[in-house]
Structure formats: structure tokens, C-alpha cells
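What follows is the residue order along each chain.
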Amino acid sequence: MKLTILGGGGFRVPLVYGALLTDRGEGRVTEVVLHDLDDSRLYAVARVLAEQAATVPDAPTVTATTDLDEALRGADFVFSAIRVGGLEGRADDERVALAEGVLGQETVGAGGIAYGLRTVPVAVDIARRVARLAPDAWVINFTNPAGLVTEAMSRHLGDRVIGICDSPVGLGRRIAKVLGANPREAFIDYVGLNHLGWVRGLRVAGRDELPRLLADPDLLGSFEEGKLFGTDWLQSLGAIPNEYLHYYYFNRETVRAYTEVEKTRGAFLRDQQARFYDEMKRPDTSALTAWDRTRAEREATYMAENRETAGAGERDEDDLSGGYEKVALALMRAIARDERTTLILNVRNQGALSVLDSDAVIEVPCLVDANGAHPVAVAPLPDHATGLVCAVKGVEREVLTAAENGSRTTAVKAFSLHPLVDSVNVARRLVEGYTEVHPGLAYLK
Ligand code: G6P
Ligand code: MN
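Residues numbered from 1 in each chain as written. Chains lettered and ligands numbered in written order. Predicted model: local features only at pLDDT ≥ 70, side-chain atom pairs only at ≥ 80, totals over all residues. Heavy atoms only, no water.

Draft legend 1. View of the packing of helix α5 (residues 109-133) against helix α19 (residues 408-417). Between α5 and α19, the least distance of the axes is 9 Å, while the angle of their chain directions is 150°. On the basis of the axis angle, α5 is roughly antiparallel to α19. The handedness of the crossing between α5 and α19 comes out as right-handed. Contact with α5, carried on its side by A110, I113, A114 and L117, involves A411, A414 and F415 of α19 and no other residues of that element. Each residue belonging to the contact of α5 with α19 can be placed in one class, and the counts come to seven nonpolar, no polar and no charged. (Axes fitted to C-alpha atoms, helices over the stretch in contact; angles between N-to-C directions. Helix = DSSP H or I, 4+ residues; strand = E, 2+ residues; numbered from the N terminus. Parallel < 35°, antiparallel > 145°, perpendicular 65-115°, else oblique. Left-handed = near helix turned anticlockwise from the far one by under 90°. Contact = heavy atoms within 4.5 Å. Nonpolar A, V, L, I, M, F, W, Y, C, P; charged D, E, K, R; others polar.)

Written out as C-alpha cells, the structure is:
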């Protein structure tokens, strides 16, 4: 089984490889091909992987290339984890938006639109190449903004592209834990778009345990989302939102916090990772130790500004190990070996959320087997959530159209229609600002 990782010089690749190393079963991945545009990043990551594999017999082989077509040919699975414009681009996304007083987060609001506008054309090119060179491959998309990028790719790959995110999984795991339920036995009734979803129920043996949580302020206040949103607001909502909804429900506070912070998240990660990749150029350092130290610091500071505005304190120890690699591995195993399982994934709607058309990519629990991911029936969303989901999907569709037609006017429309952009004039200036700093947006005419 051959797995190709696009963005193979990316910082989180060792997480994926680490997960592969735990898989000893028949039909596992035996060959990993890393693709990246940047040789030195490939070299750095390959060093970490070599140290990870050192003590593991029969570890998957690793090769690296900067030739995309060569990387794709013969792949059984393709992981797409690219970052168009790099972390410098992410920092620019934040800066330009904050200068206009709006949010510049990598996936939410103006920042997410800017990032989407420069990523979609590249993702579409990849999808076309996969369709031509590896038509039987399954594409697992990690590239943010994951829902939008998956939808762009699905127009060329149909249901052979599946988007993943670890946020809903982490949320489900935390809720199950506070309720004393086994996450493997619990069905999480979660739906929405990527980074815009809500848990409305958690069923164990057919019984919904969520009302018990919502009725108990002590339990509610004991985990990440309870601390972030506050127990009153969760009780009032009657649902547990994905952590990224903090940017909507507490927009004013998060924008202020991001404006006042010394370094925005993108700028922090840009500098942190520059140090890591530099360190990898020195032959005497332990690659794995340096990587792990950098990773731990990244995890500990995740959404730090949001937690600070909410007075949420440090992250829980259990939340520091991420989990996206586990979702990726579980998904691959389910498909390659028909190990049926239920996972929350980004797939085409196919009727699961009746307010959206069947081709709209949504985030929803899916039954996964050798035939792919099939969304399961979930309860409808409450009106306010439906409103947000429809508004943001409308924005995503404008981004896809702008990317297809190269239309600046459509790009302005995308920014203008976003619930977190409060004026058409702001949207116009955002398009100005972003096209000035991002060469990847030169196609907008
Ligand atoms: C969460 C999100 C991902 C995001 C990751 C890292 O897991 O679901 O989409 O890539 O956090 O965020 P960071 O701010 O560390 O890049
Ligand atoms: Mn995510």
C-alpha cells in the first residue's frame, strides 16, 4: 500500500508517520512518498521520520520528491496537507484582516477566505492530476480551510476525496469523558461545516446522555468547551459548539485579543517553525527531540488568546496530543480493509443536512467501509445554526466561483457576505490588501 503525502515537508507529517508505525496489520501502508516544493523541508522531515523508524522493524519505507506527478503515480492513498503561501502567508492573512478590525484566523472569517482563495486553485490542480494519474486513489484532505478545499476537490474527484479535522473528534472525546462514557461506544450527534458544527446529542446504547451534561454546571465547566464558552451560554444554546465557534459567539473579544497580542498565531508559528527547520540543518542535533519539543510548545499555545479572553486557563493534559493522525489512520484502515467504523468527516451532503444541496461538503458522522464514507442521518440544526451554516456555505461558494473565474468582484462578494465582515467597504479594502501581499492571488482580475 502506497501513501503519498503532499506537503510532505510539513511539520505535522511525523504525527502521521508515527500513527503508521503503530499499524502492524495485513494491508497496512508499506511505502510513504513525501512530496513538497521545498527540498530542505523534505530533508528535515525525513530526518525526523528516520529517527522515529529506527527502533521499529518493517517500518514503512520513506522516499521524497519535488516532482508532483511522480509522487502521485500508483498511489493508493493521497494525503493533502499543503499550505499555499506558507506560514508567512498565514501571518499576512491575520495582519491584513486585523488592520481592518476583523478576524484573520486561518479558517474563520476574512483570513479563511483569503487562505481559501489562494489554496483552491492549487487544490483543484492536484485533484485533476490525481484523477488522471491515480484514478483509484483515495484523497484525504487535511488542507485548511478543510471543508471548502474538500468541496473544491470533490468537483473533480467526487466522493473519492474526504476531508478530515480533529476538532470534532476531540470535542466528542471530551464530552464522552466527562459523562463517563467510552468514546468508542458513543454516537456523537454532530453536524455543520468544518470548524462550524455543534454536538446536539451523545448516545450510548440508544440513550442520549447530553441532557445530563447540560443540566450539570459543574460537569459542564470541567472541560475545554465549557471553560471557553461558559456554562450559561452552553445551557442557553442547548448544544456544545465546536471550539471555532468561539470566534463567532465572542467575536469582539477575540478580535481585540488578537489585535493586542505581541505575535498572532501565524506569526508565532512562522518564527517557531523557522527555528525548527534551521535546527534540522545542523547534523549533530536529534531531529526527533527538536521536533517533539516544538510540537509540545505548539499544542500548549493552541487558541491561547481565546482561552485567555474566557479565563479558561491551561489546556487539559489529554487535549495536548492532537489526534488528527488517528482519524487519518482509522479512515485509511476502514477503506483499505473494510474495517467498518463511524467517523466525523467532511463529505458531500447527500441529503444529510436538508437545507443544503447534495453536493455541498459538510462535516457529519459517516459510516466508513471499503466503499468510502457515507453520511448518516442526524437531527436537524436549530434555526440560528442553520442560518450560520447557510451563510458560510454561501461565502464558500463565492470563493469557489472567484477561484474558477478569476473574478475580483466575486472575491469582494465572498468577503462582504461573511457574517464576521461588517461592511462591503471593509471587504473591498480586504481584497486590495490581500492582493497586494499575496502573489498567489494575482489571478484575481
Ligand atoms: C486544530 C484544527 C486544525 C488546525 C490545528 C492546528 O486541530 O482543527 O484545522 O490545523 O488545530 O492549529 P495551529 O493554530 O496550531 O496551526
Ligand atoms: Mn481542523
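Draft legend 2. Spotlight on the domain arrangement of the protein chain. Domain boundaries assigned for the protein chain yield domain 1 (2-163), domain 2 (168-249) and domain 3 (251-310). Spacing between the C-alpha centres of domain 1 and domain 2 amounts to 29 Å. The interface is formed by seven residues belonging to domain 1 together with five residues belonging to domain 2. Summing both sides of the interface, domain 1 and domain 2 together bury roughly 480 Å²; the carbon and sulfur share of this comes to 65%. At the surface where domain 1 touches domain 2, the tally comes to zero salt bridges. Along the contact surface separating domain 1 from domain 2 lie one residue pair in polar contact (both at pLDDT 80 or more). Taken together, the residues of the side of domain 1 that touches domain 2 sort by class into three nonpolar, four polar and no charged. (Domains from an automatic or database assignment. Buried area = accessible area lost by both parts, 1.4 Å probe. Salt bridge = Lys/Arg side-chain N within 4 Å of Asp/Glu carboxyl O. Polar contact = N/O pair within 3.5 Å; in protein donor to acceptor, adjacent residues only side chain to side chain.)

Draft legend 3. Structural detail: the pattern of salt bridges. All told, the structure shown has 38 salt bridges when counted by the stated rule. We note a salt bridge from D58 to R24, for which the minimum N-O separation is 3.8 Å. With D58 in the loop between α2 (39-53) and β3 (61-65) and R24 in the loop between α1 (13-21) and β2 (31-35), this pair connects stretches of sequence that are 34 residues apart. Overall, the relative accessible area of 44% leaves R24 in the partly exposed class. A salt bridge links R83 to E106; the shortest N-O distance between them is 3.1 Å. Within this pair, whereas R83 is found in the loop between β4 (77-80) and α4 (86-99), its partner E106 is found in the loop between α4 and α5, the two being separated by 23 residues in sequence. What makes E106 buried here is its relative accessible area of 8%. (Buried < 20%, exposed > 50% of the residue type's maximum accessible area, 1.4 Å probe, protein only.)

Draft legend 4. Geometry of the coordination of the manganese ion (ligand 2). Those donors, C165 (SG) and H195 (NE2), are the protein atoms that reach the manganese ion (ligand 2), and they lie 2.2 to 2.4 Å from it. Taken together, the residues span a long stretch of sequence, with C165 in the loop between β6 (161-163) and α7 (167-178) and H195 in the loop between β7 (186-193) and β8 (196-204) at a distance of 30 residues. Assigned by exposure class, C165 and H195 land together as buried. (Donors = N, O, S within 2.8 Å, 3.2 Å for Na, K, Ca; no water.)

Draft legend 5. Representation of the packing of aromatic side chains within the structure. For the structure shown, the criterion picks out ten aromatic pairs. Taken together, the ring pairs in this structure connect F11, F276, Y277 and W291 into an aromatic cluster. Above the face of the Y277 ring, R41 is positioned so that its terminal group lies 4.4 Å from the ring centre. Here R160 stacks its cationic end above the ring of W138, 4.3 Å away from the centre of that ring. (Phe/Tyr/Trp six-rings, centres within 6.5 Å; stacked < 30°, edge-to-face > 60°. Lys NZ or Arg CZ within 6 Å of the ring centre and 35° of its normal.)

Draft legend 6. Just the site of ligand 1, in detail. The local shell around ligand 1 holds 13 residues, among which R12, R90, D166, R265 and R298 are the closest. Between ligand 1 and R265, the relevant distance is 2.8 Å, taken from an oxygen atom to a side-chain nitrogen or oxygen of the residue. Between R298 and ligand 1, the recorded distance is 2.7 Å, taken from a side-chain N or O atom to an oxygen atom. Looking at which domains feed residues into the shell around ligand 1, each of domain 1 (2-163) and domain 3 (251-310) gives three or more. (Near = heavy atom within 4 Å.)

Draft legend 7. Inspection of the environment of K281 at higher detail. Mapping K281 onto the fold places it in the loop between α14 (265-279) and α15 (287-300). K281 sits in the exposed class, given a relative accessible area of 54%. Separated by 240 residues in sequence, K281 and R41 have C-alpha atoms that sit 9.7 Å apart.

Draft legend 8. Molecular detail of the side chain of E243. Tracing the backbone shows E243 in the loop between β10 (240-241) and α12 (246-249). For the buried E243, no salt bridge is present, and the opposite-charge side chain at shortest range is R174, 4.1 Å distant. Of the polar contacts made by the side chain of E243, one reaches the side chain of S167; its length is 2.9 Å. (Lys, Arg positive; Asp, Glu negative; His and termini not counted.)

Draft legend 9. Up close: unusual backbone geometry. Going from N144 to P145, the amide bond is cis rather than trans, its omega being -10°. By the secondary structure assignment, P145 is in the loop between β5 (138-141) and α6 (146-157). Even without glycine at this site, M303 takes up a positive phi of about 55°. For M303, a relative accessible area of 4% gives the class buried. You will see that Q350, though not glycine, has its phi angle at about 45°, which is positive. Within the secondary structure, Q350 sits in the loop between β11 (341-348) and β12 (361-369). The exposure class assigned to Q350 is partly exposed, which follows from its relative accessible area of 45%.

Draft legend 10. Summary view of the state of the cysteines. Considering all chains together, one arrives at zero disulfides under this definition. This cysteine, C366, is not joined by any disulfide, and C165 carries the nearest cysteine sulfur, 13 Å off. (Disulfide = S-S within 2.5 Å.)

Draft legend 11. Summary view of the nonpolar core. Within the largest apolar cluster, 98 residues are counted, with the highest numbers of intra-cluster contacts made by I175, W198, I240 and L345. The element that contributes the greatest number of residues to this core is helix α17 (residues 324-337), accounting for eight residues. When neighbours within four sequence positions are excluded, I175 is seen to be in contact with V199, L202, L210, L213, F223 and I240. Counting residues in hydrophobic clusters, the runner-up holds 28 residues, among them I113, A402, V426 and V431. (Core = buried A, V, L, I, M, F, W, Y, C linked by side-chain atoms within 4.5 Å.)

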